[in-house]
Amino acid sequence: MIGAAILEASNLGRRFGGREVVSGLSLTLAKGDTVALIGPNGAGKSTTLGMLTTALRPDTGSVHIGGLDARRNPHQARALLGVLFQEPALDDSMTPRETLHLHAALYALPRREVPALIADALDGAGLSEAGDRKIRGFSGGMKRRLELARALMHTPRLLVLDEPTLGLDPQGRLDLWGRIGALRASGMAVLMTTHVLSEADTFDRVGIIDKGRLLALDSPDALKRVHGGSADASLDDVFFALTGKALRDTAQPVRPALVRRRA
């Protein structure tokens, strides 16, 4: 890892209806650090993200973001995060410009700077010409680019991505991944959940979660060496070695509402 810790989670635990969904999970990210969390459906990834982004209060453990106790200072902690949700979180009746104006107000960005910030965000997302069109007519890729632009508008220190390429076509995935790659190259810390193991394979570290526990956390090469079983092992081999190959019929836990709240 590089630099001081941006995210420190210690011994996180969460129960739903008496069932333990996450238990004893600890994780640290620093500036420039990238971590991908992978695991079967229902493994606890989304609940973990909910706790790390202050959308869910952990039953046990603590989360510090930029040195702030997220439980005691949730508004200030959220201001240090940019979150790209798994499900679209846009109002289709609004335009991109209106969406970004609302985000600027929620994050109390300096009013005199807002027009320039919006112009830069639209330009960076390739949406300058579509800035005043209703979002309902946008493609999935255009919506994803707008969501990423919104997540970055307040200059967060940590970008959190929940299945960022879900539902995108190959061109949309390629474009979004190029944008995320540029952010990583700039030194932004990135935390991601994904089911696309080839995406996880490019991150500094990969954490494998199953049944609410972090089973392993290391570089992809180290995981393959230790858990892969052969010199040419893949991340798929590691995944199956640690979580098994059996189909899962377990009911899904309640998904946290990773709603954007007033910072």
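Above this note sits the structure.
Below or above, wherever it landed, is the structure these notes cover. Here the structure is a predicted model, which means the values were calculated and not measured.

Some details on the environment of Arg 57
Turning to its location among the elements, Arg 57 is positioned in the loop between helix H1 (45–52) and strand E4 (60–65). Its relative accessible area of 52% is what places Arg 57 among the exposed residues. Along the chain, Arg 57 and Leu 183 lie 126 residues apart, while their C-alpha atoms are 29 Å from each other. For Arg 57, the residues in contact, after removing those within four places along its chain, are Arg 14 and Arg 71.

A look at the sheet that holds strand E6 (residues 81–84)
Taken in spatial order, the 6 strands of this open sheet run E6-E7-E8-E3-E9-E10, and their pairing is mixed. Looking along the sheet, the strands with just one partner apiece sit at the ends: E6 and strand E10 (213–218). Taking each pair of neighbouring strands and ignoring which way they run, the sheet shows an average axis angle of 15 degrees. Bridge count between strand E9 (residues 205–210) and E10: 5 bridges; the pairing is antiparallel. Within the sheet, the bridge partner assigned to Ile 209 lies in E10 and is Leu 214. Contacts from helix H8 (residues 220–227) reach E9 and E10, with the element oriented near 110 degrees to E10.

Side note on helix H9 (residues 235–243)
Buried within H9 we find Leu 235, Val 238, Phe 239 and Thr 243. Buried residues along H9 cover an arc of 105 degrees about the axis, so they all sit on one side. Next to the buried residues of H9 lie strand E3 (34–38), helix H7 (197–200), E9, E10 and H8. Positive phi shows up at Gly 244, right after H9, with a value of about 85 degrees.

Some words on the packing of aromatic side chains
Evaluation of the coordinates by the stated rule reveals 2 aromatic pairs. Judged by centre distance (6.0 Å) and plane angle (25 degrees), the rings of Trp 177 and Phe 203 are stacked. In this pair, Trp 177 is assigned in helix H6 (residues 170–185) and Phe 203 in the loop between H7 and E9, connecting sequence segments 26 residues apart. Owing to a relative accessible area of 22%, Trp 177 belongs among the partly exposed residues under this scheme. Since its relative accessible area comes to 3%, Phe 203 is described here as buried. With 6.0 Å between their ring centres and 80 degrees between their planes, Phe 239 and Phe 240 make a pair best called edge-to-face. One Lys or Arg, Arg 184, reaches over the ring of Phe 203 and ends 4.4 Å from the middle of that ring.

Observations regarding the pairing of E4
Note: strand E1 (residues 5–16) against E4, 5 bridges, orientation antiparallel. Paired with Ser 10 across the strands is Ser 62, a residue of E4. Pairing between E4 and strand E5 (residues 68–69): 2 bridges, direction antiparallel. Bridge pairing in E5 places Ile 65 opposite Leu 68. In this antiparallel pair of consecutive strands, E4 and E5, the connection spans 2 residues, and Gly 66 shows a positive phi of 60 degrees.

Re the nonpolar core
One finds Leu 7, Leu 52, Val 63, Ile 65, Leu 158 and Leu 191 to be the most contacted residues of the largest nonpolar core, which totals 30 residues. Put simply, the parts of the chain that give this core at least two residues each are E1, strand E2 (19–30), E3, H1, E4, E6, strand E7 (158–162) and strand E8 (189–193). Sequence-distant contacts of Leu 7, defined by excluding residues within four places in its chain, comprise Leu 27, Thr 28, Leu 29, Leu 52, Val 63, His 64, Ile 65, Leu 158 and Leu 191. The next biggest cluster of nonpolar side chains, apart from the first, holds 24 residues, and it includes Leu 148, Leu 168, Val 190 and Ala 200.

A look at the sheet that holds E4
Ordered in space as E2-E1-E4-E5, the 4 strands form an open sheet in which the pairing is antiparallel. Looking at which strands have only one partner, the edges of the open sheet turn out to be E2 and E5. H1 contacts E1, E2 and E4 of the sheet and is inclined by roughly 125 degrees relative to E1.

Re the environment of Thr 99
Looking at the secondary structure, you find Thr 99 in helix H3 (residues 96–106). Relative accessible area serves as the criterion here: at 6%, Thr 99 is assigned to the buried category. Taking the C-alpha atoms as reference points, Thr 99 and Leu 235, separated by 136 residues in sequence, lie 38 Å from one another. Contacts of Thr 99, omitting those with residues within four sequence positions, involve Leu 90, Met 94, Ile 135 and Arg 150.

A few points about the pairing of E2
Inspection of the sheet shows E1 paired to E2 by 8 bridges, in the antiparallel sense. Across the sheet, residue Arg 14 finds its bridge partner in E2, namely Val 22. From the end of E1 to the start of E2, which pair antiparallel, there are 2 residues, and Gly 17 there has a positive phi angle of about 55 degrees.

So, how was this worked out
Residues numbered from 1 in each chain as written. Predicted model: local features only at pLDDT ≥ 70, side-chain atom pairs only at ≥ 80, totals over all residues. Heavy atoms only, no water. Helix = DSSP H or I, 4+ residues; strand = E, 2+ residues; numbered from the N terminus. Buried < 20%, exposed > 50% of the residue type's maximum accessible area, 1.4 Å probe, protein only. Contact = heavy atoms within 4.5 Å. Pairing = 2+ DSSP bridges. Axes fitted to C-alpha atoms, helices over the stretch in contact; angles between N-to-C directions. Arc of directions from axis to C-beta. Phe/Tyr/Trp six-rings, centres within 6.5 Å; stacked < 30°, edge-to-face > 60°. Lys NZ or Arg CZ within 6 Å of the ring centre and 35° of its normal. Core = buried A, V, L, I, M, F, W, Y, C linked by side-chain atoms within 4.5 Å.

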